[in-house]
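Listed below, chain by chain, are the residues.
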Amino acid sequence: MRLFNWKKKRNIDEQPNQKNEVAEEVEQTVIDDASDKIEDTQTNTQEEVQSAQKQDDENIQQDTEQLHSEEEKSQEITEQIDENANEKSEDEKKIDEEEAERIANLNKEEPVFFLRVTADKMQAHLSVKNIEKSRKIKEEDILELLKKRGIIYGVKQEEIERACNLQSFFSEVHCAQGTVPIPGKDGTLTYHFDLDHVLKPKERADGGMDFHDMGIVRNVPKDELLCSRTHPIPGEDGKDIFGEVVPFKPGAEMVFGNGANTVISEDTLELRAGIEGRIVFKNKTVSIEDTFTVTSNVDTATGDIIFSGTVIVKGDVCEGFKVHAGKDVVVNGMVEGATIWAGGNVLISQGMNGMNFGKIYSGGSVKSKYIQNAEVRCQGDVVADYYLNGSVIAGGSIIAEGVKGLLLGGTFRAGTLIVAKTIGADSYLTTEVEIIESKEGFWDPEQQMTKEDIEKELASMPEEEREQWLAENVYIIPTAPEDAKVIAKSVAYPGVRIAIGQTCQRLEQEYSNSKFFVGEEGIEAGPAPRI
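Residues numbered from 1 in each chain as written. Predicted model: local features only at pLDDT ≥ 70, side-chain atom pairs only at ≥ 80, totals over all residues. Heavy atoms only, no water.

(A) Inspection of helix α4 (residues 139-148) at higher detail. Within the sequence span of α4, burial applies to Ile142, Leu145 and Leu146. Looking straight down α4, one finds its buried side chains confined to an arc of 100 degrees; they lie on one side. Facing away from the buried surface of α4 by more than 90 degrees, the exposed residues are Glu140, Lys147 and Lys148. Taken together, the buried residues of α4 touch β1 (112-117), β2 (123-129), α5 (157-166) and β3 (173-177). (Buried < 20%, exposed > 50% of the residue type's maximum accessible area, 1.4 Å probe, protein only. Helix = DSSP H or I, 4+ residues; strand = E, 2+ residues; numbered from the N terminus. Arc of directions from axis to C-beta. Contact = heavy atoms within 4.5 Å.)

What follows is the structure, given as structure tokens:
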């Protein structure tokens with residue numbers, strides 16, 4: 001390497017004419033220096049490569065020697081083991097194999113068990129992850145895991161055994177199952193009547209429809225069974241996989257909807273009618289009512305009304321239909337050519353036109369606006385504004401009161417008293433008024449039947465047979481009480497026939513404001529008393 005001659009540079013500056021020569025000399029100097037550096041670098045690199053190669057050869061030699069040494073030692077150990085193995089018993093060999101397996105497994109990754117228990121503690125499901133190919137999951141491993149988790153009931157041995165045999169743990173294994181409780185059964189509630197009560201005509205034997213029998217009223221006697229129930233049936237307790245008892249859900253206890261006039265039995269299992277009446281089922285409540293109300297007319301829409309209690313008709317009772325009540329009958333409208341039968345009283349607000357075949361039978365009294373062309377039989381009094389062309393028999397009195405107060409045409413027979421404003425007509429229309437008493441209440445004295453006996457007899461026979469039975473058994477005894485009398489407040493016309501007991505007389509003249517009674521000479525007339 002050459003050093004730059006600064007002195008010569010100053011000479012160049014001082015001698016401008018020598019500038020080109022100096023520049024060439026400087027350039028050559030730089031080139032020489034660069035060549036020297038390259039030669040030095042190549043020399044150093046070659047030496048380093050040689051040195052590194054030498055070192056690698058030495059390391060390889062050392063590793064090879066060490067490997068040979070380890071192989072020799074391993075061979076010696078293997079030979080020693082084989083030698084010892086030949087000398088050991090079978091049990092010792094098995095122990096050595098297990099130990100060898102244990103040592104081998106120490107270097108392997110352990111499997112991870114995932115145990116999922118359902119929220120209701122009724123099921124356990126197992127899955128296993130990170131299982132080495134050479135690692136087998138044993139039944140004992142799973143059972144130990146379940147025990148540690150407190151799962152002691154419902155262990156599915158077969159499922160666990162199958163999974164271990166197949167080493168199938170990729171999907172969950174159902175390893176435990178509890179016993180689900182069996183819920184109790186609800187008690188029962190049985191109704192002994194038709195809940196779906198639909199009005200429909202009854203089919204007759206000839207195939208036709210009987211619109212008189214629509215089944216509108218459901219009558220029941222006292223103590224009739226309406227509803228019965230049973231107690232709930234107990235279930236069975238269950239048990240979860242942790243051995244805890246899971247109680248069963250008890251069945252529901254059915255409760256009677258007992259309404260008015262119903263009675264629950266002592267054992268609480270039956271509901272019976274407390275009175276005779278009709279069944280009313282509303283809002284799941286059973287009641288017995290002794291009143292039945294017809295909100296419209298009694299006609300083809302309702303059929304005949306047969307009820308053991310009181311019947312109230314808001315409308316009319318139309319031609320050909322019947323109302324039969326064990327107690328009272330109340331008709332807000334009128335009765336036209338119909339039959340009314342009542343164990344109690346009868347009230348007809350707008351009057352009765354029997355049309356020559358309508359009838360009223362009453363165990364009490366009868367009150368109507370008017371009674372025309374009808375047959376009336378009652379145990380009490382009959383009261384109306386006027387009577388036309390009928391047949392009226394009353395155990396008590398017959399009274400015509402009101403604006404007209406008229407008895408005209410037909411036969412009127414009372415037990416104690418007959419009172420009217422006018423009896424008969426100036427046309428001499430035949431009108432018969434009689435007062436005849438019977439201790440048996442107009443029933444056949446030969447049979448000595450009381451009123452109660454006759455009512456039972458009538459109740460036991462069909463409606464269509466009652467009229468004939470009454471006609472055959474109503475036996476009038478021609479007697480009368482001492483104070484029996486017939487009163488015409490205004491006038492009694494000629495042609496009227498008056499009978500009191502066994503005494504009778506036909507009027508030959510007009511009588512005004514008179515009373516008629518039995519005197520020494522038969523039927524006598526006197527001034528009418530104020531009533």
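Here the narrative resumes, following the displayed structure.
(B) Looking closely at the sheet that holds β3. On the basis of which strands lie adjacent, the open sheet formed by 3 strands has the order β1-β2-β3 and antiparallel pairing. Only two strands of the sheet have a single neighbouring strand rather than two, namely β1 and β3. Between one strand and the next, the sheet's axes are offset by a mean angle of 25 degrees, whatever the strand orientation. Lying on the sheet, α4 is in contact with β1, β2 and β3; it crosses β1 at an angle near 50 degrees. (Pairing = 2+ DSSP bridges. Axes fitted to C-alpha atoms, helices over the stretch in contact; angles between N-to-C directions.)

(C) View of the pairing of strand β21 (residues 339-342). The alternating pattern of β21 places Thr339 and Trp341 on one face and Ile340 and Ala342 on the opposite face, and all of these are buried. Taken together, the 4 bridges between strand β18 (residues 322-325) and β21 define a ladder with parallel strand orientation. The residue of β21 that forms the bridge with Ala325 is Ala342. Bridge count for β21 against strand β23 (residues 352-362) is 4 bridges, and the pairing is parallel. For Trp341, the partnering residue across the bridge sits in β23 and is Tyr361.

(D) Layout of the pairing of strand β34 (residues 522-527). With 6 bridges joining them, strand β33 (residues 511-519) and β34 adopt antiparallel strand pairing. Counted as the bridge partner of Val518 is Ile523 from β34. Once β33 ends, the chain turns through 2 residues before running back antiparallel as β34.

(E) Spotlight on the nonpolar core. Core analysis: the biggest nonpolar cluster contains 54 residues, and Tyr387 and Leu407 have the highest contact counts within it. If sequence neighbours within four positions are ignored, Tyr387 has contacts with Ile371, Val382, Val392, Ile398, Ile399, Ala400, Leu406, Leu407, Leu408 and Phe412. (Core = buried A, V, L, I, M, F, W, Y, C linked by side-chain atoms within 4.5 Å.)

(F) Region of interest: the packing of aromatic side chains. Applying the stated criterion across every chain yields a total of 7 aromatic pairs. Note on Tyr191 and Phe193: the rings are 5.8 Å apart at their centroids and 70 degrees apart in plane angle, and the pair reads as edge-to-face. Ring geometry for Phe193 and Phe281: centres 5.9 Å apart, planes at 65 degrees, overall edge-to-face. Here Phe281 lies in strand β13 (residues 277-282) and Phe193 lies in the loop between β4 (189-191) and β5 (202-203), a separation of 88 residues in the sequence. Assessed through its relative accessible area of 11%, Phe193 is described here as buried. Residue Phe281 is classed as partly exposed on the basis of its relative accessible area, which comes to 27%. We note Lys515 situated over the ring of Phe517; from NZ or CZ to the ring centre the distance is 5.3 Å. (Phe/Tyr/Trp six-rings, centres within 6.5 Å; stacked < 30°, edge-to-face > 60°. Lys NZ or Arg CZ within 6 Å of the ring centre and 35° of its normal.)

(G) Representation of the sheet that holds strand β7 (residues 219-220) in the model. With respect to topology, 3 strands assemble into an open sheet ordered β7-β13-β14, the strand pairing being antiparallel. In the strand order of this sheet, the two ends are held by β7 and β14 (285-289), each with one partner.

(H) Looking closely at the pattern of salt bridges. Tallied over the entire structure, the rule returns 9 salt bridges. In this structure, the salt-bridge partner of Arg162 is Glu159, at a minimum N-O distance of 3.4 Å. Remark: Glu159 and Arg162 occur in helix α5; sequence separation between them is 3 residues, near one turn of the helix. Given a relative accessible area of 44%, Arg162 falls into the partly exposed group. Given a relative accessible area of 28%, Glu159 falls into the partly exposed group. Between Lys327 and Asp290 there is a salt bridge; the shortest N-O distance is 3.3 Å. Residue Lys327 is found in the loop between β18 and β19 (329-331), and its partner Asp290 is found in the loop between β14 and β15 (291-294); the two are separated by 37 residues along the sequence. Sharing partners across several salt bridges, the network here consists of Arg413, Glu434 and Arg497. (Salt bridge = Lys/Arg side-chain N within 4 Å of Asp/Glu carboxyl O.)

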